[in-house]
Amino acid sequence: MHTALFAEHALLPSGWARDLLLQWDGAGRLTGVQTGVSAPAGVARARGPVLPGMPNLHSHAFQRALSGLTEYRDQAQDNFWSWRSLMYRFAARLSPEQLEAIATWLYVQMLEAGYTSVCEFHYLHHDTDGRPYADDATLAQGLLRAAQNTGIGMTLLPVLYQSSGFGGTPPHAEQRRFILSNEHMLRLLQQLQPQCLAQHARLGLAPHSLRAVPPDSLREALAGLAALDASAPVHIHIAEQTAEVEACLAWSGQRPVQWLLEHAEVNAHWCLVHATHMDAGEYQQAARSGAVAGLCPTTEANLGDGIFDFPLWRAHGGAWGVGSDSHICVDPAEDLLMLEYSQRLARRQRNVAADANQPQVAEALWLGALAGGAQASGRPIQGLAVGQQADFVVLDAQHVALQDLPPSQMLASHLFASSRSSTVASVWCAGRQRVQAGRHALHDSAARAFTLARQQLLKD
Ligand code: NGQ
Ligand code: ZN
């Protein structure tokens, strides 16, 4: 087994460095990041520039099997909510075996594209009729196994879902698989904790949204989580749609982010997923809370959410990362591209994510998303530095899109001018090579199991 790699170029938190020796221990933690060394004999040599592996901060694994299948007109004006109805119909049928097959293929795709860890915002808890499985963790176990078998790092976020709208309105029948009481949730977390520890997964909690969790319940669940693990990640969907903002205003007189900041101790352990619709005060206060903005640019585009004000968030020093969410696209390069392009289109400017300190857009995007993604994951995956996990992506310097370019331009070409994933040569997680020559070892078998599961799901 390898425990070292030599690279001509690697992207460190401080920028590009030359002639590096990366070394790690048996647990997959980096023990050495030396620069300016000559290639030692007997040490493997990277085929191109080395990037820190990207954390994916928001995933609903099961939705991968639905991606591409809702791109037709279903009513006079399709929107987020009509998509959600189709998604609910799909979610209602899923079996534990199907979920595991879908997640396994999804994680293979993530790894092949350069995501080395994933935050699973997991809300399918019960059987198709809404009754608890004999083992409450049945579906969660499938996700943990999929992570274990593919080698991707995981932050598991069981979702609290109790109401269909603000003010504690009762859940709808289509939401029956999601519903857990606080007590039940805390039992589930306690049950999952040892297994997560054993496979170096982090366990957190995801109140689904302010629509789905009434105030008292939110307070109580957060206290229960804190008793279990005071620094556990907390993720919540918030202000993704203007209808949610309006409903929150009607209910409380406050906008969702404003309400949350006033009623919960939002801090650096939090990830505010989407946070698309904030006013100027919310941008400022949410950024200053230390929470990560969980941006999901291709899903937000696909669902017609709106455009996050990225420069304003950055002006307040806000942390941010990217997630593939509904998995309409599974590629960090493509989500970063979408993020930058949405800003260019809205502002009629170029190179929006760059600034005076970091004029290279692709570098600003990759390092920014890495820092926030790692923070939201609650795992030691902050990039190529001693003590962090050896999670990295090697690009193929011989690829036509990259050949003979300096490393900055290789990364820029990977994001902006290639077919993105095609330039990934190999991917390593916790010091183990999981993707070789662009392929995961499970690529073929996982793809077959996925298509079979999808076929079954679409049949009945
Ligand atoms: C979800 N997805 O939980 O899968 C949500 C839709 C909702 C996104 N927000 C459901 N992208 O927000 O009610
Ligand atoms: Zn989501």
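Computed from a predicted structure; not experimentally measured.

Novice: In this structure, what is going on with the overall build of the protein? I would like to understand it.
Specialist: Tallying secondary structure elements over the protein gives 14 helices and 17 strands in all. The principal-axis extent of the C-alpha atoms belonging to the protein is close to 65 × 45 × 45 Å. Residue burial in the protein is summarised as follows: out of 460 residues, 59% are buried. Taking the intrachain contacts of the protein between residues at least 6 apart in sequence as the baseline, contacts between residues at least 24 apart amount to 72%. Working note: accessible area of the protein is about 17700 Å², and carbon and sulfur atoms make up 49% of it. Taking the average place of the 32 positive charges on the side chains of the protein and the average place of its 41 negative ones, the gap between the two points comes to 4 Å.

Novice: Looking at this structure, I do not really get the sheet that holds strand β13 (residues 319-322). What am I missing?
Specialist: Strands pair in a sheet through their backbones, by hydrogen bonds, and they do so in one of two ways: parallel or antiparallel. Taking strand neighbours across the sheet as the criterion, the four strands line up as β10-β11-β12-β13 in an open arrangement whose pairing is parallel. The open sheet has two free edges, formed respectively by β10 (234-238) and β13, since each of these has just one partner strand. Between one strand axis and the next, the sheet turns by 25° as a mean value, whatever way the strands run. Two strands pair when backbone bridges link them, and strand β12 (residues 292-295) and β13 are joined in this way by four bridges, in the parallel orientation.

Novice: Please clarify how the pattern of salt bridges should be interpreted in this entry.
Specialist: Any two side chains of opposite charge can pair, so long as their charged atoms come close to each other. Applying the stated rule across the entire model yields 13 salt bridges. The partner of D129 in a salt bridge is R131, with the nearest N and O atoms 2.8 Å apart. The salt bridge partner of R187 is E183, with a shortest N-O separation of 4.0 Å. Residue R187 and its partner E183 are located together in helix α4 (residues 182-198), separated by four residues, close to a single helical turn. With a relative accessible area of 45%, R187 lands in the partly exposed category. Residue E183 is classed as exposed on the basis of its relative accessible area, which comes to 58%. Because the salt bridges share partners, they merge into one network encompassing R255, D279 and E282.

Novice: Sorry, what's going on with the packing of helix α2 (residues 96-113) against helix α3 (residues 138-150) here?
Specialist: Working note: a packed helix pair is described by the angle between its axes plus the distance between those axes. In contact at an axis separation of 8 Å, α2 and α3 are set at 30° when each is read in the N-to-C sense. At the point where α2 passes α3, the crossing takes the right-handed sense. Together, P96, L99, E100, A103, T104, Y107, V108 and L111 of α2 and T138, L139, G142, L143, R145, A146, A147, N149 and T150 of α3 make up the contact between the two elements. Grouping the amino acids of the contact of α2 with α3 by side-chain chemistry returns 10 nonpolar, five polar and two charged.

Novice: Would you mind showing me how to read the site of ligand 1 here?
Specialist: Around ligand 1, the structure places 14 residues, and the nearest of them are R84, Y123, H208, R211 and E240. One nitrogen or oxygen atom from the side chain of R84 is found 2.7 Å from an oxygen atom belonging to ligand 1. H208 is positioned such that a nitrogen or oxygen atom in its side chain is 2.7 Å from an oxygen atom of ligand 1. Within the complex, the protein chains bury 99% of what would otherwise be the 340 Å² of accessible surface of ligand 1. Here the shell around ligand 1 is composed, by residue class, of five nonpolar, five polar and four charged.

Novice: Is there a simple way to think about the coordination of the zinc ion (ligand 2) in this case?
Specialist: In ideal tetrahedral geometry, four donors around a metal make angles of 109.5 degrees, whereas ideal octahedral geometry with six donors gives angles of 90 or 180 degrees. Those donors, H58 (NE2), H60 (NE2) and H237 (NE2), are the protein atoms that reach the zinc ion (ligand 2), and they lie 2.0 to 2.1 Å from it. Of note, the zinc ion (ligand 2) draws all its donor residues from one chain, in the sequence arrangement H-x1-H-x176-H. Each member of the pair, H58 as well as H60, is classed as buried.

Quick notes on the rules
- Residues numbered from 1 in each chain as written.
- Chains lettered and ligands numbered in written order.
- Predicted model: local features only at pLDDT ≥ 70, side-chain atom pairs only at ≥ 80, totals over all residues.
- Heavy atoms only, no water.
- Helix = DSSP H or I, 4+ residues; strand = E, 2+ residues; numbered from the N terminus.
- Buried < 20%, exposed > 50% of the residue type's maximum accessible area, 1.4 Å probe, protein only.
- Contact = heavy atoms within 4.5 Å.
- Areas by Shrake-Rupley, 256 points an atom, 1.4 Å probe, with all protein chains shown as cover.
- Lys, Arg positive; Asp, Glu negative; His and termini not counted.
- Charge placed at Lys NZ, Arg CZ, Asp CG, Glu CD.
- Pairing = 2+ DSSP bridges.
- Axes fitted to C-alpha atoms, helices over the stretch in contact; angles between N-to-C directions.
- Salt bridge = Lys/Arg side-chain N within 4 Å of Asp/Glu carboxyl O.
- Left-handed = near helix turned anticlockwise from the far one by under 90°.
- Nonpolar A, V, L, I, M, F, W, Y, C, P; charged D, E, K, R; others polar.
- Near = heavy atom within 4 Å.
- Polar contact = N/O pair within 3.5 Å; in protein donor to acceptor, adjacent residues only side chain to side chain.
- Donors = N, O, S within 2.8 Å, 3.2 Å for Na, K, Ca; no water.

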